[in-house]
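# Notes for the structure review
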Amino acid sequence: MGIFSEHRSEDRQINETKGVIYFDSSIGAIGRVENYFFRISGLNKNKATRDKIAQIIANLSELSKTEEKIEFGIFIFKEKLRISPSDISHKSQNVFQYDFAQDFWFAKPDPRNKARLFVHEGKNPNAIADLFEQLKTELEYEYTIIEQSSIFLLGRHNFLKTYFTMVKQDKYLYGFENAQHMEEMTRFMETINQELTIEK
């Protein structure tokens, strides 16, 4: 999933066929199905290549029917928040451009704007506490902190004027970024809180 996100740019048209998420490239297609990443390449984008892509994607769609384990981020964003898989992504490293932040899931509740939810599952509560403090220290350089506590932080970007919030809950960290209005993300945050409380 992280590899797929690295290759995908914001302007790529995402397609979904029976659980297979992919986008067209100049000579084929790049996509994912559950935990699997794939890349299809041909000599050129002729009819034979397009037909082969359709055939391979049909075969890959069978994987989504037999996959037993649902990834944490897919469970929260797709199963519970009903966000389209095409608007869910995973970042394996350098999250928020910080090398210490790894393995985050992101989702856009509204693909028309840049506001994104995020969730991260740590090894244990202590690891999440350390990550929270590291992020807080870095964010203070770019954000005006509006409200904070030992488990919560809300900031507004000094230049973009967008909102960022994060909450630590047991072995989880979740929040949102790039929000123009906080209210639009509130119900999603409440649902995540409820689901993580159940997971605990």
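Residues numbered from 1 in each chain as written. Predicted model: local features only at pLDDT ≥ 70, side-chain atom pairs only at ≥ 80, totals over all residues. Heavy atoms only, no water.

## A look at unusual backbone geometry
The residue Lys161 is not glycine, and still its phi comes out positive at about 65 degrees. Turning to its location among the elements, Lys161 is positioned in the loop between strand E9 (152-157) and strand E10 (163-169). Taking the relative accessible area as the measure of exposure, Lys161 reaches 40% and is therefore partly exposed. Positioned with a positive phi, Asn178 is a non-glycine residue whose angle comes to about 60 degrees. Here Asn178 is to be found in strand E11 (residues 172-179). What makes Asn178 partly exposed here is its relative accessible area of 25%. (Helix = DSSP H or I, 4+ residues; strand = E, 2+ residues; numbered from the N terminus. Buried < 20%, exposed > 50% of the residue type's maximum accessible area, 1.4 Å probe, protein only.)

## Some remarks on the pattern of salt bridges
Using the criterion set out here, one finds four salt bridges in the structure. Across the salt bridge formed by Asp51 and Lys47, the nearest N and O atoms sit 2.8 Å from each other. Of this pair, Asp51 and Lys47 both sit in helix H2 (residues 47-66), four residues apart, which is roughly one turn of that helix. By relative accessible area, which is 40% here, Asp51 ends up partly exposed. Classification of Lys47 as exposed rests on a relative accessible area of 54%. A salt bridge links Arg112 to Asp110, with the shortest nitrogen-to-oxygen separation between them at 2.9 Å. (Salt bridge = Lys/Arg side-chain N within 4 Å of Asp/Glu carboxyl O.)

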